[in-house]
Amino acid sequence: MTNASVHSELLDLLTEAVLVQNELRTEAMQVFRKLGLPGNKNEEYKHTPITRALEKGLQLRASFVTGGALPNEDQWKISGLNAYHAVLLNGSLLPEKSFLPSQVTAMPMSKASANLQHVKDNMGTYADFRNDAFAAWNTAAWSDGVYLEIPEAVKLDKPIVIYYLHDSQAGQVKSVTRNLVISGRNSEAAIIEKWCTTGSNTVISNTLSEIVLHESARLNHVVLQSDTDAHIQYLFNQFWQHSGSFLNSHVITLDGGFIRNNTRVALDGENCESHLYGLYLLHKNIIADNHTVVDHRKPNSYSNELYKGILEDQAKGVFNGKIFVRPDAQKTNAFQSNRNILLSDKATINTKPQLEIWADDVKCSHGCTTGQLDEEALFYLRSRGINKDTARAMMLYAFASELLDTVNDAELKNYLDALVSERLHKNF
Amino acid sequence: MLAIKNLSAQVNGKQILNGINLEVKAGEVHAIMGPNGSGKSTLASVLAGREEFEVTDGTVEYLGKNLLELEPDERAREGIFLAFQYPVEIPGVSTINFMKTAVNQVREHRGLETLDAVSFLGLMKEKMKLVEIDQSLLNRSLNEGFSGGEKKRNEIFQMAMLEPKLAILDETDSGLDIDALKIVANGVNKLRSKNNAIIVVTHYQRLLNYIVPDFVHVLYKGKIVKSGGKELALELEAKGYDWIKSEVEVA
Ligand SMILES: Nc1ncnc2c1ncn2[C@@H]1O[C@H](COP(=O)(O)OP(=O)(O)OP(=O)(O)O)[C@@H](O)[C@H]1O
Ligand SMILES: [Mg+2]
């Protein structure tokens, strides 16, 4: 088989059984077909061979399975976290398994987009699907998801967790989901996303959320990736901030197969504040890519981005951080930092900051560091009698804990702390 | 306790120690002096087990063991302590947590019960008093943003916590004000016993007024070129190093 025919079979497979019933989907499907899956010449996927991962992971001649069984709660639930939750299984929301706060409007996306005019109108207006094949594929082919509206001034007492469960025991799974979150004026909420796969057949998931923060809304958003290596994941979170809103975004990657995250924030109002945090602990053969965009469109806002990674074995990491400061966005403060520790010769990280600044009265800075564990510090710890493994774990944990400390929810922080401690062999 | 014989060492291909001989017995205090760059810190680092330094010749016996075969952390658990000339800053690791781990790993090695949080805190409070260090400092990241004097005091605090058999103090007096110098010296003197030994690296007689040495050695170009009693330090203070350098050149 030639590359071209593999490619077109893959496109057919991904769009198999997709009903294109409206204008937006039709356009998105055309974009997807036209762009095709990204190859290594595509600048945005230069170090991220997702198409190759799909070719390797998927059986081109087999269909995707639907349905599936809900695994035991202890396999996927965040233990010790008091929270609301929405549960999706292989791409469909299960309302009877979900538990959502009564003060919010919550609906399966399949229903909301059919019944609510403003959902129809908002869909696709925030997340750009015209320049990225996977965003286009999502827009054309999503099957379900969550629509959430937090009304004005409502302050939720607990976070909402969206669990994306995949059962690939009976065959390969495709899961294309779409969310719309509207945080009303002065509202406060926390949203957590987590994925869990059972079964060893490949799962390709594509999750796209459009998240709008109206005036003075506050949102904590946490992405938690600690899934199996059967999972090939594309994730796109587009945040859209209006004046005075506050966003805390965390992307925490501990395990999985192949991961591409797009975290994009548009600061489309004055006096917005955005904090983008990322922590990736990559091992084995994982490839994980964080592409971020912070787009300052209006004056007087603040953004701060800190992504940190520890890579071992043959893991590959990519960080690409774009900051745009548009001509209107005077008095912007925008900071970015990416720091990495490589623990093996075979682990790699490609990091690239990209600042495009069209306004003149701004404060921007960026920096990236990549290195091994600090030998002098290691020697210092060991010179006090601490064995090498513990000393290493102490330093790695210290590196990671700077990020864990930024997680607000104490219960979630405990849970993450336990996962990170275990991964770093913390025994002190 | 410690027998250094003909010790030579290099770093990055540069020979720094050129055949050092030194014997330290339990209960003794040895001062090592010498011009900048003569190899004092290098000797201290080699004894503590820094891998960067390659031993090219000689032997070091410590309590009947071949010291050079031990890992740095094994040496520490066996009772060697180095107070660094330049203590390292480690963000994200607090002195308290770090010391708790260290004390317990050392205790475990010595066959003692590990300390729980309460008894550790008790021990810490006692030693904090000894070196007059504030707990707020110990809650912070290890040495991060500490003043020069605070770092040195933290070194002595750690020494007090670990109760070493052989303490090597590398210019612990530099950067200390007069009061701190007395406090540090007092902390060191409390440790002094007939079972322990101390090696003090210093440039100044001042410290030796408080920690009175049994022997004073002059290290020059990686060799001990002169040894004597405490009066040698006074002589160096008065005359500098030139007379020793010319003695060496003549020989
Ligand atoms: N990592 C290294 N690479 C190259 N040269 C080094 C290294 N470490 C030390 N040296 C050199 O070894 C020599 C001895 O250094 P050392 O720090 O032992 O001196 P010292 O006697 O402690 O001096 P001071 O009194 O200034 O503390 C110096 O010339 C120093 O530049
Ligand atoms: Mg020195």
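Overview of the structure.

Cut-offs and rules
Residues numbered from 1 in each chain as written. Chains lettered and ligands numbered in written order. Predicted model: local features only at pLDDT ≥ 70, side-chain atom pairs only at ≥ 80, totals over all residues. Heavy atoms only, no water. Helix = DSSP H or I, 4+ residues; strand = E, 2+ residues; numbered from the N terminus. Polar contact = N/O pair within 3.5 Å; in protein donor to acceptor, adjacent residues only side chain to side chain. Donors = N, O, S within 2.8 Å, 3.2 Å for Na, K, Ca; no water. Buried < 20%, exposed > 50% of the residue type's maximum accessible area, 1.4 Å probe, protein only. Phe/Tyr/Trp six-rings, centres within 6.5 Å; stacked < 30°, edge-to-face > 60°. Lys NZ or Arg CZ within 6 Å of the ring centre and 35° of its normal. Salt bridge = Lys/Arg side-chain N within 4 Å of Asp/Glu carboxyl O. Arc of directions from axis to C-beta. Contact = heavy atoms within 4.5 Å. Pairing = 2+ DSSP bridges. Axes fitted to C-alpha atoms, helices over the stretch in contact; angles between N-to-C directions. Near = heavy atom within 4 Å. Areas by Shrake-Rupley, 256 points an atom, 1.4 Å probe, with all protein chains shown as cover. Nonpolar A, V, L, I, M, F, W, Y, C, P; charged D, E, K, R; others polar. Parallel < 35°, antiparallel > 145°, perpendicular 65-115°, else oblique. Left-handed = near helix turned anticlockwise from the far one by under 90°. Buried area = accessible area lost by both parts, 1.4 Å probe.

### Some points on the side chain of asparagine 237 of chain A
Position of asparagine 237 of chain A relative to the elements: it lies in strand S10 (residues 231-241). Within polar-contact distance, the side chain of asparagine 237 of chain A engages the side chain of glutamate 193 of chain A at 3.2 Å.

### Observations regarding the coordination of the magnesium ion (ligand 2)
Tetrahedral coordination by four donors places them ideally at 109.5 degrees to one another around the metal; octahedral coordination by six donors ideally gives 90 or 180 degrees. All names here are of chain B. Summarising the metal site, the magnesium ion (ligand 2) is bound by the protein donors Ser41 (OG) and Gln85 (OE1), whose distances to it range over 1.9 to 2.1 Å. Taken together, the positions of serine 41 in helix H1 (residues 40-48) and glutamine 85 in the loop between strand S6 (80-83) and strand S7 (90-94) put the pair 44 residues apart, joining distant regions of the chain. You can call glutamine 85 buried: its relative accessible area is 15%.

### Section: the packing of aromatic side chains
To describe a pair of aromatic rings, one takes the distance between the centres and the angle between the planes. All names here are of chain A. All told, the structure shown has 14 aromatic pairs over all chains when counted by the stated rule. Arranged with centres 5.2 Å apart and planes meeting at 40°, the rings of tyrosine 307 and phenylalanine 319 form a pair that is tilted. On the criterion of sequence distance, the pair formed by tyrosine 307 in strand S15 (residues 302-311) and phenylalanine 319 in strand S16 (residues 316-325) is long-range, its members being 12 residues apart. We note that tyrosine 307, like phenylalanine 319, is buried. Geometry around tryptophan 142 places arginine 25 over its ring, the cationic atom sitting 4.3 Å from the centre. Against the face of phenylalanine 246 rests arginine 218, its NZ or CZ located 4.1 Å from the ring centre.

### A few points about the pattern of salt bridges
Tallying each qualifying case throughout the model produces 31 salt bridges over all chains. For aspartate 73 of chain B, the salt bridge goes to arginine 382 of chain A, with nearest N and O atoms at 2.7 Å. With aspartate 73 of chain B in helix H2 (residues 72-77) and arginine 382 of chain A in helix H8 (residues 375-382), this residue pair bridges two chains. Taken together, the shared-partner salt bridges in this structure form one network comprising Asp268, Asp295, Arg297, Lys298 and Arg326 of chain A.

### Notes on helix H9 (residues 230-239) of chain B
One turn of an α-helix holds 3.6 residues; hence residues three or four places apart share an orientation. Residues and elements named next belong to chain B. Those residues of H9 that fall on the buried side of the exposure criterion are Leu232, Ala233 and Leu236. Projected down its long axis, H9 carries its buried residues within an arc of 100°, all on one side. Contact partners of the buried residues in H9: strand S3 (29-33), helix H8 (205-210), strand S11 (215-220), strand S12 (223-228) and helix H10 (242-250). Backbone geometry just downstream of H9 places glycine 240 in the positive-phi region, at approximately 75°.

### Details of the sheet that holds strand S14 (residues 287-296) of chain A
In sheet architecture, strand pairing relies on hydrogen bonds along the backbone and comes in two forms, parallel and antiparallel. All names here are of chain A. Across the sheet, which stays open at both edges, the 9 strands sit in the order S3-S4-S6-S8-S10-S12-S14-S16-S18 with mixed pairing between neighbours. In the strand order of this sheet, the two ends are held by strand S3 (105-108) and strand S18 (348-357), each with one partner. Along the sheet, successive strands turn relative to each other by an average axial angle of 5°, direction set aside. Here strand S4 (residues 146-150) runs beside strand S6 (residues 173-183); their pairing, made up of 4 bridges, is parallel. Following the sheet pairing, tyrosine 147 is matched in S6 by leucine 180.

### A closer look at the site of ligand 1
Residue and element names in this part refer to chain B. Surrounding ligand 1, one finds 15 residues, the nearest of these being Gly37, Lys40, Ser41, Thr42 and His203. A distance of 3.0 Å separates an oxygen atom of ligand 1 from a polar side-chain atom of asparagine 36. Serine 38 places a main-chain nitrogen or oxygen 3.2 Å from an oxygen atom of ligand 1. Within the complex, 70% of the 640 Å² of free accessible area of ligand 1 lies under protein. Of all the secondary-structure elements, those providing two or more residues to the shell around ligand 1 are strand S2 (14-24) and H1. At 3 residues, H1 tops the list of elements feeding residues into the shell around ligand 1. Looking at side-chain class alone, the shell around ligand 1 contains 2 nonpolar, 9 polar and 4 charged residues.

### Re the packing of helix H4 (residues 117-131) of chain B against helix H6 (residues 148-162) of chain B
Residue and element names in this part refer to chain B. It is at 9 Å that the axes of H4 and H6 come closest, and there the two elements cross at 130°. By the criterion of interaxial angle, the relationship of H4 to H6 is oblique. Regarding H4 and H6, the two cross each other, and that crossing is right-handed. Of H6, the residues touching H4 (which contributes Phe120, Leu123, Met124, Lys127, Met128, Leu130 and Val131) are Arg153, Ile156, Phe157, Ala160 and Met161.

### Topic: the interface of chain B and chain A
Interface size is commonly expressed as the accessible area that is lost once the parts come together. Facing the 33 residues of chain B at the interface are 16 residues of chain A. Taken together, both faces of the contact between chain B and chain A bury some 2,000 Å²; the carbon and sulfur share is 64%. Between chain B and chain A we count 5 salt bridges in total. Here glutamate 376 of chain A and arginine 50 of chain B are joined by a salt bridge, their closest N and O atoms 3.8 Å apart. Along the contact surface separating chain B from chain A lie 11 residue pairs in polar contact (both at pLDDT 80 or more). Looking at the side of chain B that touches chain A, the elements with two or more residues in it are H1, H2, S6, S7, helix H3 (95-109) and H6 of chain B. In terms of residue count, the dominant contributor to the side of chain B that touches chain A is H3 of chain B (7 residues).

### Structural notes on the sheet that holds strand S9 (residues 166-170) of chain B
All names here are of chain B. Across the sheet, 6 strands lie side by side as S6-S9-S10-S3-S11-S12; this open sheet has mixed pairing. Every interior strand has two partners, whereas the edge strands, S6 and S12, have only one. Across the sheet, the mean angle from the axis of one strand to that of its neighbour is 20°, orientation sign disregarded. Pairing geometry for S9 and strand S10 (residues 197-201), over 5 bridges, is parallel. Residue pairing in the sheet places alanine 167 in a bridge with isoleucine 198 of S10. In the packing of H6 onto the sheet, contacts are made with S6 and S9, and the angle to S6 comes to roughly 170°. On the sheet, H9 packs against S3, S11 and S12 and is oriented at approximately 50° with respect to S11.

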